[in-house]
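Below are the chains, spelled out letter by letter.
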Amino acid sequence: MSQFEDMTFTCSSVFTSGYAPGYAKLNKRGGAGGWSPLDTDHYQWLQVDLGSRKQVSSVATQGRYSSSDWITRYRLLYSDTGRNWKLYHQDGNIWAFAGNSNTESVVRHDLQHPVVARYLRIVPLDWSSEGRIGLRLEIYGCPYWADVINFDGQGVISYRFKVKKMKILKDVIALKFKTSESEGVILHGEGQQGDYITLELRRAKLLLQINLGSNQYGSILGHTSVTSGSLLDDHHWHSVVIERYRRNVNFTLDQHTQHFRTNGEFDHLDLDYELTFGGMPYSGKPISGGRKNFKGCMEGINYNGDNITDLARRKKLDTSSFRNLSFICVESHTFPVFFNATSFLQLPGRVEHNMVSVGFQFRTWNTNGLLLFSALADGMLELVLVDGKVNVHINVTQKKNTRIDISSGSGLNDGEWHDVRFLAKENFAMLTIDGDEASSVRTNTPVQIVTGGTYHFGGYFQRTSVSPTLRSFQGCMQLIHVDDQLADLHAVERGRLGAFENVSLDMCAIIDRCMPNHCEHGGRCTQTWDSFSCTCDGTGYTGATCHTSIYEQSCEAYKHLGRASDSYWIDPDGSGPLGPFKVICNITEDKVWTTVMNNLPAQTSVTGSSRERRTVLQLNYSASMEQVSAITSSSEHCEQHVAYACRTSRLLNTPEGTPYTWWVGKGNEKHFYWGGSGPGIQKCACGIERNCTDSKYYCNCDADQKQWREDSGLLVYKDHLPVNQIAVGDTNRPGSEAKLTVGPLRCHGDRNYWNAASFNTPSSYLHFSTFQGETSADISFYFKTSAPYGVFLENLGNTDFIRLELKSPTVVSFSFDVGNGPVELNVHSPTPLNDDQWHRVSAERNVKEAVLQLDQQYQEVRPAPPQGHTRLQLYSQLYVGAAGGQRGFLGCIRSLKMNGVTLDLEERAQVTPGVKPGCSGHCTSYGMYCRNGGKCLEKYNGYSCDCSSTAYNGPFCTKDIGGFFEAGTLVKYSFIPETAAAPNKDAKDISQTSPLETNLTQEDLSFSFSTSSSPSILVYISSKSQDFMAVVLRHNGTLQLRYSLGGLREPFTVDVDQRNLANGQPHSINISRDGRTLWLDHYPSVSYSLPEESDTEFNNIKSLFLGKVFETGQVDPVLIEKYNTPGFVGCLSRVQFNSIYPLKAALRSHIAAPVSHQGKLVESNCGASPLTIPPMSAATDPWHLDGGPDFPFNEERVIPDGVNRNSAIIGGIIAVVIFTILCTLVFLIRYMFRHKGTYHTNEAKGAESAASADAAIIGTDPNFTETIEESKKEWFI
């Protein structure tokens, strides 16, 4: 790279002869020491002619020697011809270079993308405030030469293969082109088998179509189409490189590369005879489809090592279709004009003429803008772009106001050139868009037009009596015609015709900000002239560029948001390339299971298969293989159940034979083991456990028996999962059949979510490879600390950097520099962050904005500057936990994701001093999710809720435990040991005594219920004295609380609710007593006081009954007579008395407690009632029954008898009817004999001495046999 010696300078103007452009050479002091223009304004320029096309890589500037004149900011333009200038672009913008700050220092800029041009033009934007524009200049670069071919739109170059048919495995095609046409085929090749490759321009975009063929449906499924670039009809050079190896393709346009893989199954491109450049071959084949040939220039055409342009020059290729083959590029004759929001171009026309005829081409991204305005002799004419349509408004005010409004076109703000022609004369007007005469809009409104003689294009800012509806236009125009004459814009440029303000002549500075598309993950890009925006609807992502996933990374993450089991969308790699997908999350007490379903029906029958022609069952999952692999890779454990039911069908042909059946897992590898076995062990589960039907074989099915057998088990080697295919090979013999079942993939644990490291010293840190996030970067992690400050992470470049840190106990900072100066975002927390609880930080930077978010609620957003650098270029290692010379972080960091990739902190911490893998203390952050008194238990990876001391169950202790009571069903909980209890199959082993005090001064009772029948006893608590507590439903369905603590002649009663609660709806009851005060929390809360005469101590509590009372000793006779028969029929749920949970103990066999029950007790949540304080969301509501795989709660589990709930209800109804009839008979008998007996005994009597049916049950059922004191009474009905 060197400076060019033979440069020629020209300029827009010269201050005096001593300031001529010839003195503008770098470091020269001749003349006045550099160039200065006559006027110091934005219309000045210094131009360099390099003599021929050169590759320019650097530009250096100086101020004028020994003066106060220099430029501080400038733009660079380049051209091959000194016409049709192109502005230098960088980072997606028209680039403004920083200039000088004094006269002598040299400021040199290396171009990010070298340009090839003969002419360069420096346009000053800002200059010294102490002087004027002054400049000395040097250009650096290399010589450039390439063969050029001019294509006239007719001729094509035919590159004939050495053989008629070519099977091509690898292709490399490179060329440059420039054109002012938006359509045209650049190259094409095809084969008779349906293979083809085509590169063409469509709507000024480059379209590559390639088809290598496919097995299915001919070659249709092999078609692959990729689009790149836009605005390629600008008559500037564009570079294309196509690299293909097998099905992998790199498609590069102007340094932007797309990587893709072709459709179909084949690797070779089969072409016949030839490859043509510049158009379609003249073969008459239907593939041509009437496409246009390319019209423009190409250079440097290379195909697989052959220089096509050189071969054409040496006449080694067929160019017979050209009328006149030229190796000189024919330049465009258009003269574009670029308008910004403050521009206008004024052109003269005929004065006082009765006809208006104007035409032009325009291109823009804006939906609205002023295209043309002209003040008529008596009125006005305007052409405006409104919502992408061209509207014409004519107002004539001669004798009476006459207005003409016509409109045509749609979507004309698409950046393409559009042609407008407008003609108006007496009583006639016509508007034509894009030369479509058939769609021209005409009107015959009577009007007399007299022209004013002046036309304003692209803007009108004068304050006159008539003015346009819009004032400005942002875009380009060319081929402007006034009065059917092409406007001489060269004369306008020289000041000899018309006038203009703030326009750029002989260039179109349009930029496609949506190409390349910065909207990620399928976001839709829309743009105006100055900016672009992304629409992320339906993508699963959010943010200015659709970069950040709106979903959590795993089921584990949803659990730690307090969510219950359900179907959820997850996104394991966050902002990475994998899209979100739906899984089933089963959140249990100890594990969080992720389930991915497949489409193979259970017991899929297979017949007619053999080793030679195996039947292959293809499994499709509810997620792609890449998505499923993301789950298995991060999970702690995965499993998949497989079952092979067989009849005369062998499975693995064990112990030594070639397997008849195998399955294919992740990585498309075949596996020859079955469920219950492992990799490398060609056995089934029975072979591992040595219990196969025939001990000579290692699979039941390998015994080849005519009876149905089955081999089943779990596949647990997660690196092989999931099962994608099963190939069955032994079902073709008579009577042979197999039935396959493959269950869903189930995984638990998320190693990424819990991947953590503890930083124990301020100087400790972890280092990783350099973070790659040039135009889009996101970082997210959790931290907890008790320190007031610390650097979370840092990565440095030469001047660029990125850093996240805790700046103070309440401030998290995100700072970076991409070349425009340091930027810092700070988020303030209302509470201290050094509280040793987990906090979530997420930061994102893209070309649109930077965002810092804390705990998903506090955030700061900083828009990116409209001009400037956008690429973050880092070179050092990434440091986590500290930074060079900075305050180190003390605490824990976990789940650190950078652009969707989780950094393995634990692995690196194992070999790093001062850092330990893992982190403890999760309950401080997540213990709040353990509800209803559940206790949070620490785990290495997370936490769990201990619900053993609550009336609830489930992962968050929010799942009601309830039961359905038939008539006669009761639950009894004993507070004191039963010394003479006889064995009973329905009673649980009483292995512990109750820890409760037997004398109480306060009680807390809570439960919910639903029933449609009354009267009944809901809860009864007895004592060895006459004290008791009872909650009953009276005959009218109202609820009553009865308390007897002694001191009163009658029990203290409270009518809790005057409504009929026996309405089948769930009701929640909470009762508390402290001394003499009672609180009842039942819509709304009410307090009562026991009478002064009442005692306040509940003495010698003995038993708690649910549903019905069977008790010896002192029992309230009113309860027995009025409410105890036939017993409670309905549902009770979440019963809790002080610290005991009798119903839960009765329904959970593993809980050792002094509890027993009589009758069938069916687990059900039908008595559950949603808590009203505090309100709960549907996601965490334990009564939300349609939430997912864990709901509805199992209402069909019978304890101990196995009947389902419906049967239990029907049976209960029948039992109630029968029991009612029996009770009616008993009451009739009792009424007739009027007998009520009491006796004193030390031993319970049998049925023969019982006075009633219930007494007979008690006497014969050892569950309820008790030794009683002599003085006690026993009541029967």
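Fair warning: this is a prediction, and the values are worked out from it, not measured in the lab. (Residues numbered from 1 in each chain as written. Predicted model: local features only at pLDDT ≥ 70, side-chain atom pairs only at ≥ 80, totals over all residues. Heavy atoms only, no water.)

Helix and strand counts for the protein stand at 11 helices and 86 strands. Here the protein holds 1277 residues, and the buried ones make up 53% of them. For the protein, the accessible area works out to roughly 54,900 Å², and carbon and sulfur atoms hold 49% of it. (Helix = DSSP H or I, 4+ residues; strand = E, 2+ residues; numbered from the N terminus. Buried < 20%, exposed > 50% of the residue type's maximum accessible area, 1.4 Å probe, protein only. Areas by Shrake-Rupley, 256 points an atom, 1.4 Å probe, with all protein chains shown as cover.)

The next point concerns the state of the cysteines. Overall, the coordinates contain 15 disulfides when judged by the stated rule. Sulfur-sulfur distance for the disulfide between Cys-476 and Cys-508 comes to 2.0 Å. Measuring the twist about the S-S bond at about 95°, one finds the Cys-476-Cys-508 disulfide to be right-handed. In this pair, Cys-476 sits in strand β35 (residues 475–482) while Cys-508 sits in the loop between β38 (504–505) and β39 (524–527), placing the two residues 32 residues apart along the sequence. (Disulfide = S-S within 2.5 Å.)

This part takes up the pattern of salt bridges. Applying the stated criterion across every chain, the model contains 45 salt bridges. A salt bridge links Glu-774 to Arg-871, with the shortest nitrogen-to-oxygen separation between them at 2.9 Å. Of this pair, Glu-774 sits in the loop between β55 (766–768) and β56 (776–784) while Arg-871 sits in the loop between β63 (858–863) and β64 (878–880), and the two are 97 residues apart along the sequence. Since its relative accessible area comes to 34%, Glu-774 is described here as partly exposed. The exposure class of Arg-871 is partly exposed, given its relative accessible area of 31%. Here the residues in one salt-bridge network are Arg-53, Asp-80, Lys-178, Glu-299 and Glu-331, joined through shared partners. (Salt bridge = Lys/Arg side-chain N within 4 Å of Asp/Glu carboxyl O.)

This next bit is on the sheet that holds strand β57 (residues 790–796). Each strand in a sheet pairs with another by means of backbone hydrogen bonds, the pair being arranged parallel or else antiparallel. Strand order in the open sheet formed by 6 strands is β55-β64-β57-β58-β59-β60, with antiparallel pairing between adjacent strands. Strands at the two margins of the open sheet, each flanked by one partner only, are β55 and β60 (823–828). In this sheet, adjacent strand axes meet at a mean angle of 15° when their direction is disregarded. Where strand β58 (residues 801–808) and strand β59 (residues 811–817) come together, 7 bridges link them in antiparallel fashion. In the sheet register, Ile-802 faces β59, and the bridge partner there is Phe-816. (Pairing = 2+ DSSP bridges. Axes fitted to C-alpha atoms, helices over the stretch in contact; angles between N-to-C directions.)

Here we come to the packing of aromatic side chains. Applying the stated criterion across every chain, the model contains 37 aromatic pairs. Both rings, one in Phe-783 and one in Phe-889, keep their centres 6.4 Å apart while their planes meet at 80°; by these two values the pair is edge-to-face. Pair noted here: Phe-783 is in strand β56 and Phe-889 is in the loop between β64 and β65 (891–898), with a separation of 106 residues, a long-range link. One aromatic cluster is present, formed by Phe-339, Phe-360, Phe-362, Phe-457 and Phe-473 through successive ring pairs. Here the basic side chain of Arg-132 rests over the ring of Phe-15, its NZ or CZ set 4.1 Å away from the ring centre. Against the face of Tyr-782 rests Arg-894, its NZ or CZ located 4.2 Å from the ring centre. (Phe/Tyr/Trp six-rings, centres within 6.5 Å; stacked < 30°, edge-to-face > 60°. Lys NZ or Arg CZ within 6 Å of the ring centre and 35° of its normal.)

Tyr-644, Trp-674, Val-723, Leu-740 and Tyr-943 are the most contacted members of the largest nonpolar core, which totals 61 residues. Of the residues forming this core, the biggest block, 5 residues, is contributed by strand β53 (residues 737–748). Core analysis: the next-biggest nonpolar cluster, separate from the first, contains 44 residues, Phe-975, Phe-1007, Leu-1080 and Leu-1132 among them. (Core = buried A, V, L, I, M, F, W, Y, C linked by side-chain atoms within 4.5 Å.)

What follows concerns unusual backbone geometry. Omega for the bond connecting Met-515 with Pro-516 falls within 30 degrees of zero, at 0°, which places this linkage in the cis form. Tracing the backbone shows Pro-516 in the loop between β38 and β39. Phi at Asp-506 is positive, roughly 65°, even though this residue is not glycine. Counting through the fold element by element, Asp-506 comes out in the loop between β38 and β39. Accessibility expressed as a relative area gives 3% for Asp-506, which makes it buried. Located in the positive-phi region is Asn-1100, a residue other than glycine, with phi close to 55°.

On to the pairing of strand β27 (residues 369–376), then. Within a regular strand, side chains alternate between the sheet's two faces. In terms of burial, β27 is largely enclosed, as 7 of its 8 residues are buried. Examined bridge by bridge, β27 and strand β28 (residues 379–386) share 7 bridges and lie antiparallel to one another. Counted as the bridge partner of Leu-370 is Val-384 from β28. Count of turn residues in the β27/β28 antiparallel hairpin: 2 residues. Alignment of β27 against strand β34 (residues 454–457), held across 2 bridges, turns out to be antiparallel. Along β34, the bridge assignment pairs Leu-372 with Phe-457.

Next up on the list: the environment of Leu-470. Take Leu-470: it is sitting in the loop between β34 and β35. Sequence separation between Leu-470 and Gly-459 is 11 residues; the distance between their C-alpha atoms is 8.2 Å. Discounting residues that sit within four places of it in the chain, Leu-470 has contacts with Asn-368, Gly-369, Leu-370, Glu-382, Val-384, Leu-385 and Val-386. (Contact = heavy atoms within 4.5 Å.)

Spatial strand order, β78-β77-β76-β75-β82-β73-β84: 7 strands in an open sheet with antiparallel pairing. Strand pairing shows two members of the sheet lacking a second neighbour, β78 (1052–1057) and β84 (1155–1158), which therefore form its edges. Going from strand to strand, the sheet's axes swing by 15° on average, the running direction of each strand aside. Pairing of strand β75 (residues 1016–1023) with strand β82 (residues 1101–1106) involves 4 bridges; the strand directions are antiparallel. Bridge assignment links Tyr-1020 to a residue of β82, and that residue is Phe-1105.

A few words now on helix α4 (residues 625–634). Owing to its 3.6 residues per turn, the α-helix brings residues three or four apart onto one side. In terms of burial, α4 is largely enclosed, as 7 of its 10 residues are buried. Tucked into the core, α4 has its buried residues touching β43 (566–570), β44 (581–587), β45 (592–596), β48 (637–647) and β53.

To continue, consider the side chain of Arg-244. Relative to the assigned elements, Arg-244 resides in strand β18 (residues 238–245). Judged by relative accessible area, which is 2%, Arg-244 ranks as buried. In terms of polar contacts, Arg-244 uses its side chain to reach the backbone carbonyl oxygen of Ile-168, at 2.6 Å. Only 3.3 Å separates the side chain of Arg-244 from the backbone oxygen of Leu-169, close enough to count as a polar contact. (Polar contact = N/O pair within 3.5 Å; in protein donor to acceptor, adjacent residues only side chain to side chain.)

A word on the confidence of the model for the protein. Residues at a pLDDT of 70 or more form 88% of the protein, whose mean pLDDT is 85. Below pLDDT 50 for its whole length, residues 1229–1277 participates in 72 contacts with residues either more than four positions away or in separate chains. (pLDDT = per-residue confidence, 0-100.)

Now for the environment of Val-1086. Along the polypeptide, Val-1086 turns up in strand β81 (residues 1085–1089). It is 9.0 Å that separates the C-alpha atoms of Val-1086 and Val-1056, two residues lying 30 residues apart in sequence. Here Val-1086 is in contact with Leu-1078, Trp-1079 and Leu-1080, once residues within four sequence places are set aside.

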